[in-house]
Amino acid sequence: MTSNPYKALPDKAFWRRTVASPAPGEVDPVGEFGLTIRPETKVATAGSCFAQHIARYLKNSGYNYYIAETGHPHLSEPALQANNYGLYSARYGNIYTARQLRQLIERAYGRFSPSESCWQEAEDKYLDPFRPTAQPGGFVSRAELEADRAQHLAAVRSMFETLDVFVFTLGLTECWRSKVDGAVFPLCPGVEGGKFDPETHEFYNQDVDDVLEDLTVVRGAICEVNPDAEIILTVSPVPLMATAEPGANVLSATTYSKSVLRVAAETMRKRHSNVHYFPSYEIISGAFNRGGYYADDLRNVVETGVSHVMGLFMKHVTAGVAASQPPAKCSDAKAELMRKAQEMVEVECDEVALDRE
Amino acid sequence: MQRLAGLNLIGKRQFVADYQMLLYGDSHSEAVFQAAELRERRRYPTSIAIHRARRQKGEKVIGDTSLEEFVEIARGLSSSDMVISMIGGNQHAVLATIQHPIPFDVLEPGADFSSLRPGTELIPYRAIASIIHGGIRGRDGRALSKIRDATPARMFHIIPPPPKRDSDFIRSYHESRFSEDIAKLGVSSPELRMKIWRMQRNLLHEYCDELGIEAFDPPQAALDQDGFLLPEYYAKDATHANRNYGLLLLQELEQRIVRSNESVQ
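Residues numbered from 1 in each chain as written. Chains lettered and ligands numbered in written order. Predicted model: local features only at pLDDT ≥ 70, side-chain atom pairs only at ≥ 80, totals over all residues. Heavy atoms only, no water.

Undergrad: Residue-level account of the overall build of chain A, with values.
TA: Across its full length, chain A carries 10 helices and 9 strands. Across the 357 residues in chain A, those meeting the buried criterion constitute 50%. The contacts in chain A between residues at least 6 apart in sequence include a share of 70% that link residues at least 24 apart. On chain A, roughly 16100 Å² of surface is accessible, and the fraction owed to carbon and sulfur atoms is 53%. (Helix = DSSP H or I, 4+ residues; strand = E, 2+ residues; numbered from the N terminus. Buried < 20%, exposed > 50% of the residue type's maximum accessible area, 1.4 Å probe, protein only. Contact = heavy atoms within 4.5 Å. Areas by Shrake-Rupley, 256 points an atom, 1.4 Å probe, with all protein chains shown as cover.)

Here it is as structure tokens:
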């Protein structure tokens, strides 16, 4: 037998040995991963809805899940959650496309001011077109929306300038944008708010060049304010809910979209030493699990799938360094202050009868 | 005068109206109780029975009537009678009396940037309203709803008195009554106290409308031009109103009842 290059390759290079033979839960498609997160590393997240799972696991892992926009400590934990604080590192909601992320950074640094900046739904209900679901019930006025947006964008700047690792989950290539200035909306106007107007809104499906350019601009902008930042890209395994690509079938459109994102992520990884790729997409959609990581709707990811992704993420990214501290209980101080305020009022209430005239 | 099982004032009244008026409440009811006592002393008694909600606070029991007991009493009333609630009412004070170490502010519907205090963190209106909403519809709201369900009587809920503008008054009270760590936090701005009180007032109106209860706003005569409680109506603490305020409340309640009876006739 003559030698050939495959002879020297490790098991992970062979389909049978690493994909077909192991039990599904043992499959590990991580190729190279040259980044280690330590318990003190500040890890920020953004992306499409699958990124919420990553955020949730990091939060519960004892690692330093970095939330730059925490919400005021007066808000209880349930109130913070209900108002979408901590869902991601800042209250930007889902960021589905690379263009959306690029424009978020441009907006945060004052390089882009979209002309369509507010959707009024009712007399006291105003939505931010770039995060229409962030504030349940909407903002009570345009002034409040703008004040909250200014606060939000300040938190976004702070996040990019002080994070150690930024995990971005690429979700879609299809987007809806303004014909006026190219501003990309997370959701088609008219779905969660706003009014769809064919005169001013248009569908756009990004290609590889678009996504690569956007990610390159994003990386450049992050490195400009934070030269040591590391970036982890993942691709969401969640298929498109619907496609607006003319004439397309949603399954084929999903394959196109994920392929573009996967190629762009790989290209970025190869071009830049501070960009890494984690194969969430492969773990969930790989044939080895025979579709078992998808729910009955063949779209949402079940918890065992998420656990598999995050188990491997923690294994490779943390290099086996266990977090020494349990998840930080930042709520202790705020609970103490509320307790004092409550006590103050209760003591008053008890003693009011002593002050009879 | 000792408050016994609530009906003590009714037992002593010299003037008997053709309806019964029952009040059930927490600490804010003290102002009305004192006012009714004063009227009695002046031989101008009030057709009202005042029940202070019985609450266990650690070892201590405050009040004279449990909710269940009051519900049973209210069940026996007729549609020409009145039930007045002064239950709870201090969510706004818990949130906005002590100065938070991270100063915050809210923008009310219709307000512009100029009402936002510089250097504060904005809490979205609906985010903080969700906390007050939860408080109103928690124990206090369930009590209101229980009473409403039990009685055919006309029912009012008295909106708690508005905040006091005088921060020094509140600060000196804190310094004399509480530990250093509360006192040193200071007092939040009067404007913020007013915004949070107004939020609570609006949410209470909403909830009362849902339940078929008439929300009763503070007497205009007790307020300054910006809606703060006038100093002559301050009780000697941060949040409560005094006997004079109770007198105004009684007067306005009686006027409201007379007016609506006249309009029915």
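Undergrad: Tell me about the sheet that holds strand S1 (residues 43–47) of chain A, and please be specific about residues and values.
TA: In sheet architecture, strand pairing relies on hydrogen bonds along the backbone and comes in two forms, parallel and antiparallel. All names here are of chain A. One open sheet accounts for 4 strands, arranged S1-S4-S8-S9; its pairing is parallel. In this open sheet, the two strands that pair with only one neighbour each are S1 and strand S9 (275–277). For this sheet, the mean angle separating the axes of adjacent strands, direction not counted, is 20°. Summarising the sheet, S1 and strand S4 (residues 165–170) pair through 5 bridges and their orientation is parallel. Paired with valine 43 across the strands is valine 165, a residue of S4. (Pairing = 2+ DSSP bridges. Axes fitted to C-alpha atoms, helices over the stretch in contact; angles between N-to-C directions.)

Undergrad: Explain the sheet that holds strand S1 (residues 21–25) of chain B to me, and be specific about the residues and the numbers.
TA: Residues and elements named next belong to chain B. The strand order S2-S1-S5-S8-S9 describes an open sheet built from 5 strands, whose pairing is parallel. In this open sheet, the two edge strands, each paired with only one partner strand, are strand S2 (49–52) and strand S9 (214–216). Here the strands of the sheet are splayed against their neighbours by 20° on average, with no regard to which way each runs. Judged from the 5 bridges that link them, S1 and strand S5 (residues 82–86) form a sheet pairing that is parallel. Residue pairing in the sheet places glycine 25 in a bridge with methionine 86 of S5. Relative to the sheet, helix H2 (residues 29–41) contacts S1, S2 and S5, its axis offset from that of S2 by approximately 145°.

Undergrad: Go over the side chain of threonine 97 of chain B with me, naming the residues and quoting the values.
TA: Residues and elements named next belong to chain B. Within the secondary structure, threonine 97 sits in the loop between helix H4 (91–96) and strand S6 (104–105). Look at threonine 97 and you get buried, because its relative accessible area is 5%. At a separation of 2.7 Å, a polar atom in the side chain of threonine 97 contacts the main-chain carbonyl oxygen of alanine 93. (Polar contact = N/O pair within 3.5 Å; in protein donor to acceptor, adjacent residues only side chain to side chain.)

Undergrad: An account of the pairing of strand S7 (residues 201–205) of chain A is needed here, citing residue identities and associated values.
TA: Residues and elements named next belong to chain A. Going residue by residue along S7, you find His201, Phe203 and Asn205 tucked away on one face and Glu202 and Tyr204 left uncovered on the opposite face. One ladder, built from 5 bridges, connects strand S5 (residues 174–178) with S7; its direction is antiparallel. Its bridge partner lying in S7, arginine 177 is registered against glutamate 202.

Undergrad: Give a detailed account of the confidence of the model for chain B, specifying residues and quantitative values.
TA: Close reading of the predicted structure is inappropriate where its pLDDT is low. Residues and elements named next belong to chain B. Model confidence for chain B is summarised by a mean pLDDT of 87, while 89% of its residues fall at 70 or above. Overall, residues 1–16 carries pLDDT values under 50, and its contacts beyond four positions in sequence, including any with other chains, amount to 42 contacts. Listed scores for the predicted complex are pTM 0.88 and ipTM 0.88. (pLDDT = per-residue confidence, 0-100.)

Undergrad: Would you mind going over empty space enclosed by the protein in detail, with residue names and values included?
TA: Once rolled over the atoms, a probe with the size of a water molecule shows which space is left empty. All names here are of chain B. If you walk through the whole model with that rule in mind, you get 6 cavities of 30 Å³ or more. Approximately 90 Å³ is the volume found for the largest cavity. Along the walls of the largest cavity sit His92, Ala93, Ala96, Thr97, Pro161, Pro162, Pro163, Lys164, Ile170, Arg193, Ala238 and Thr239, which together make up its complete lining. When residues in the lining of the largest cavity are grouped by element, the largest group, 3 residues, is from H4. (1 Å grid on protein atoms, 1.4 Å probe; cavity = no way out; pocket = protein on both sides within 12 Å on 5 of 7 lines; lining within 4 Å. Points joined across faces, edges and corners; volume = space filled by probe spheres on them.)

Undergrad: Explain the pairing of S1 of chain A residue by residue, including any values.
TA: The buried fraction of S1 of chain A is high, at 5 of 5 residues. Residues Val43, Thr45 and Gly47 of chain A line one face of S1 of chain A and the alternating positions Ala44 and Ala46 of chain A line the opposite face, and both faces are buried.

Undergrad: I'd like to hear about the packing of helix H3 (residues 67–75) of chain B against helix H5 (residues 125–150) of chain B, residue by residue, with values.
TA: Residues and elements named next belong to chain B. At a closest axis distance of 8 Å, the pairing of H3 and H5 adopts a crossing angle of 25°. Judged by the angle between their axes, H3 and H5 are roughly parallel. Along this stretch, H3 crosses H5, giving a crossing that reads as right-handed. Where H3 abuts H5, its residues Leu67, Glu68, Phe70, Val71, Ala74 and Arg75 lie against Ala143, Lys146, Ile147 and Ala150. Grouping the amino acids of the contact of H3 with H5 by side-chain chemistry returns 7 nonpolar, no polar and 3 charged. (Parallel < 35°, antiparallel > 145°, perpendicular 65-115°, else oblique. Left-handed = near helix turned anticlockwise from the far one by under 90°. Nonpolar A, V, L, I, M, F, W, Y, C, P; charged D, E, K, R; others polar.)

Undergrad: So what about the packing of helix H6 (residues 208–225) of chain A against helix H7 (residues 250–271) of chain A? Which residues, and what values?
TA: All names here are of chain A. In contact at an axis separation of 9 Å, H6 and H7 are set at 45° when each is read in the N-to-C sense. Classed by the angle they form, the pair H6 and H7 counts as oblique. As for how H6 packs across H7, the hand of that crossing is right-handed. Here Val208, Val211, Leu212, Leu215, Thr216 and Arg219 of H6 come into contact with H7, specifically with Val260, Leu261, Val263, Ala264, Thr267, Met268 and Arg271. Of the residues that constitute the contact of H6 with H7, the class distribution is 9 nonpolar, 2 polar and 2 charged.

Undergrad: How would you summarise the nonpolar core if you had to cite specific residues and measurements?
TA: Within the largest apolar cluster, 69 residues are counted, with the highest numbers of intra-cluster contacts made by Phe166 and Phe313 of chain A. If one sorts the elements of this core by residue count, helix H9 (residues 303–317) of chain A sits on top with 7 residues. The contact partners of phenylalanine 166 of chain A, leaving out residues within four places of it in the chain, are Ala44, Thr45, Ala46, Leu101, Met159, Phe160, Ile222, Glu230, Ile231 and Ile232 of chain A. Listed in part, the 46 residues of the second largest apolar core include Ala49, Ile123, Ile136 and Leu204 of chain B. (Core = buried A, V, L, I, M, F, W, Y, C linked by side-chain atoms within 4.5 Å.)

Undergrad: Tell me what's going on with the UniProt feature "domain: GSCFA" (unreviewed entry) in chain A, and back it up with residues and numbers.
TA: Sites flagged by UniProt as "domain: GSCFA" (unreviewed entry) map to residues 42–313 of chain A. Helix makes up 39% of residues 42–313 of chain A and strand 14%, with an end-to-end C-alpha separation of 16 Å. (UniProt positions renumbered as here; feature names shortened; annotations may be inferred.)

Undergrad: Describe in detail the pattern of salt bridges, supporting the description with residues and values.
TA: Residues and elements named next belong to chain A. All chains considered together, the criterion is met by 38 salt bridges over all chains. A salt bridge links arginine 99 to aspartate 214; the nearest nitrogen and oxygen atoms lie 2.8 Å apart. Pair noted here: arginine 99 is in helix H4 (residues 98–108) and aspartate 214 is in helix H6, with a separation of 115 residues, a long-range link. A residue is classified by how much of its surface remains accessible, and aspartate 214, at 0% relative accessible area, is buried. Between glutamate 266 and arginine 269 there is a salt bridge whose closest N-O contact spans 2.9 Å. Placement of the pair is glutamate 266 and arginine 269 together in helix H7, with a separation of 3 residues, close to one helical turn. Classification of arginine 269 by relative accessible area gives partly exposed; the value is 25%. (Salt bridge = Lys/Arg side-chain N within 4 Å of Asp/Glu carboxyl O.)

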